[in-house]
Amino acid sequence: MTTLKLYHTSPHEITEIHKDGFFDDCLFFSSEVYDMGDCKFVYSIEIDSDAIDDVCRLYDTVIIDDIAMALDVSCETAAAYLCGEETALDPEDDLYMQARQGECAKKDGYLGCKGEDEQGAVYIIPMFGKELILKLERQ
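Predicted model, so just to flag it, every value in this text is computed and none were measured.

Student: Which residues make up the packing of aromatic side chains, and what values do they have?
Tutor: By the definition in use, this model includes one aromatic pair. An angle of 20° between the planes, with centres 6.5 Å apart, marks the rings of Phe41 and Tyr43 as stacked. As far as the burial class goes, Phe41 and Tyr43 line up, both buried.

Student: Describe helix α2 (residues 75–82), naming the residues involved and giving the relevant values.
Tutor: Residues of α2 that are buried include every one of Ala78, Ala79, Ala80, Tyr81 and Leu82, and no others. Elements in contact with the buried residues of α2: α1 (61–71) and α3 (91–107). Once α2 finishes, Gly84 follows within two positions and takes phi at roughly 80°, a positive value.

Student: Let's hear about the sheet that holds strand β5 (residues 112–117): which residues, and what values?
Tutor: If you trace the four strands from one edge of the open sheet to the other, you get β2-β6-β5-β4, paired in mixed fashion. Edge positions in the sheet fall to β2 (26–29) and β4 (52–54), since each has one partner strand and no second. Within the sheet, the average angular offset between the axes of one strand and its neighbour, ignoring direction, is 35°. Pairing analysis gives five bridges linking β5 to strand β6 (residues 120–126), with the strands arranged antiparallel. The residue bridging Lys114 from the neighbouring strand is Tyr123, located in β6. Contacting β2, β5 and β6, α3 crosses the sheet at an angle of about 60° to β6.

Student: Outline the layout of surface pockets, supporting the account with residue identities and numerical values.
Tutor: In this structure, the largest pocket occupies an estimated 1000 Å³ of space. Along the wall of the largest pocket there are 44 residues; nearest its centre are Phe23, Leu27, Phe28, Leu95 and Gln98. Of the residues forming the lining of the largest pocket, the biggest block, six residues, is contributed by α3. When grouped by side-chain class, the residues that make up the lining of the largest pocket number 21 nonpolar, 12 polar and 11 charged.

Student: Pulling in residues and values, what's your account of the nonpolar core?
Tutor: Counting 20 residues, the largest nonpolar core has Leu58, Ile67, Tyr81, Leu82, Met97, Cys113 and Ile124 as the members making the most contacts within it. Mapped by element, the contributors of at least two residues to this core are β2, α1, α2, α3 and β6. Excluding residues that lie within four positions of it along the chain, Cys113 makes contacts with Ile52, Asp53, Val55, Leu58, Gln101, Gly102, Ala105, Val122, Tyr123 and Ile124. The next biggest cluster of nonpolar side chains, apart from the first, holds 16 residues, and it includes Ile14, Tyr43, Ile47 and Tyr123.

Student: Quick one: what's the story with the sheet that holds strand β1 (residues 3–10), residue by residue and with numbers?
Tutor: Taken in spatial order, the three strands line up as β1-β3-β7 in an open sheet, and their pairing is antiparallel. Of all the strands in the sheet, just β1 and β7 (135–138) have a single pairing partner and so form its edges. For this sheet, the mean inter-axis angle between neighbouring strands, taken without regard to orientation, is 35°. Here strand β3 (residues 41–48) runs beside β7; their pairing, made up of three bridges, is antiparallel. What sits directly across from Val42, in β7, is Arg138.

Student: Report on unusual backbone geometry, specifying residues and quantitative values.
Tutor: Non-glycine residue Asp72 carries a positive phi angle of around 55°. Tracing the backbone shows Asp72 in the loop between α1 and α2.

Definitions and cut-offs
- Every chain's residues receive numbers from 1 upward, in the order its sequence appears when written.
- Two thresholds apply to this predicted model, a pLDDT of at least 70 for residue-level local features and 80 or more for giving and counting side-chain atom pairs, whereas whole-chain, interface and lining totals are computed over all residues.
- Computation of side-chain values: all heavy atoms of the structure, hydrogens and water removed.
- Any two rings among Phe, Tyr and Trp, with Trp reduced to its six-membered ring, count as a pair given centres within 6.5 Å; such a pair is stacked if its planes are under 30 degrees apart, edge-to-face if over 60, and tilted if neither.
- Exposure categories follow from relative accessible area, calculated using a 1.4 Å probe and restricted to protein chains: below 20% of the type maximum is buried, above 50% is exposed, and the middle band is partly exposed.
- Each helix is a run of DSSP H or I of at least 4 residues and each strand a run of E of at least 2, with the numbering of both proceeding from the N terminus.
- Every residue pair with non-hydrogen atoms within 4.5 Å of one another is taken to be in contact.
- DSSP-based pairing: two strands are paired if at least 2 bridges between them are found.
- Think of each axis as a best-fit line through the C-alpha atoms, taken over the contacting stretch in the case of a helix, with angles from 0 to 180 degrees between the N-to-C directions.
- Lining residues are defined by having an atom within 4 Å of a point belonging to a cavity or pocket. Those points lie on a 1 Å grid over the protein atoms alone, cavities being sets where a 1.4 Å probe fits but cannot get out and pockets being open sets with protein on both sides within 12 Å along at least five of seven lines.
- Grid points are joined across faces, edges and corners, and a volume is the space filled by probe spheres set on the points.
- Ten residue types, Ala, Val, Leu, Ile, Met, Phe, Trp, Tyr, Cys and Pro, are classed as nonpolar, four, Asp, Glu, Lys and Arg, as charged, and the remainder, Gly among them, as polar.
- By convention a nonpolar core is built from buried Ala, Val, Leu, Ile, Met, Phe, Trp, Tyr and Cys residues, the set being connected through side-chain atoms within 4.5 Å.

Shape is all these values report; function is a separate question.
What follows is the structure, given as structure tokens:
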């Protein structure tokens, strides 16, 4: 087992995570500290690498059906979006997909999943009820 130290940056202090945020309850992490412009807070978590699934292995028929309806695409296209074989192209749809990927990984018993985005490797982790594992690194 390998321990991963991952980083999340935010323009706001994180005191509570809600299930109904823009990305549901998912936060996005990287293995390196990254700067998204106005981010003042840097958080870290340390997790077991075995707790992370790879996006390419994600599959859930209920989630795929939800994606197909939400994006008005076929179930085959929705499945390709979920496992990262295709991207939704629209930035908002891609963000929606990342939240669904985190949901799917959690549903499969993982803490989260690892995928790729414009910044490189991204760890998508549903964090509702897990605020205590976030460590404030700097402000």
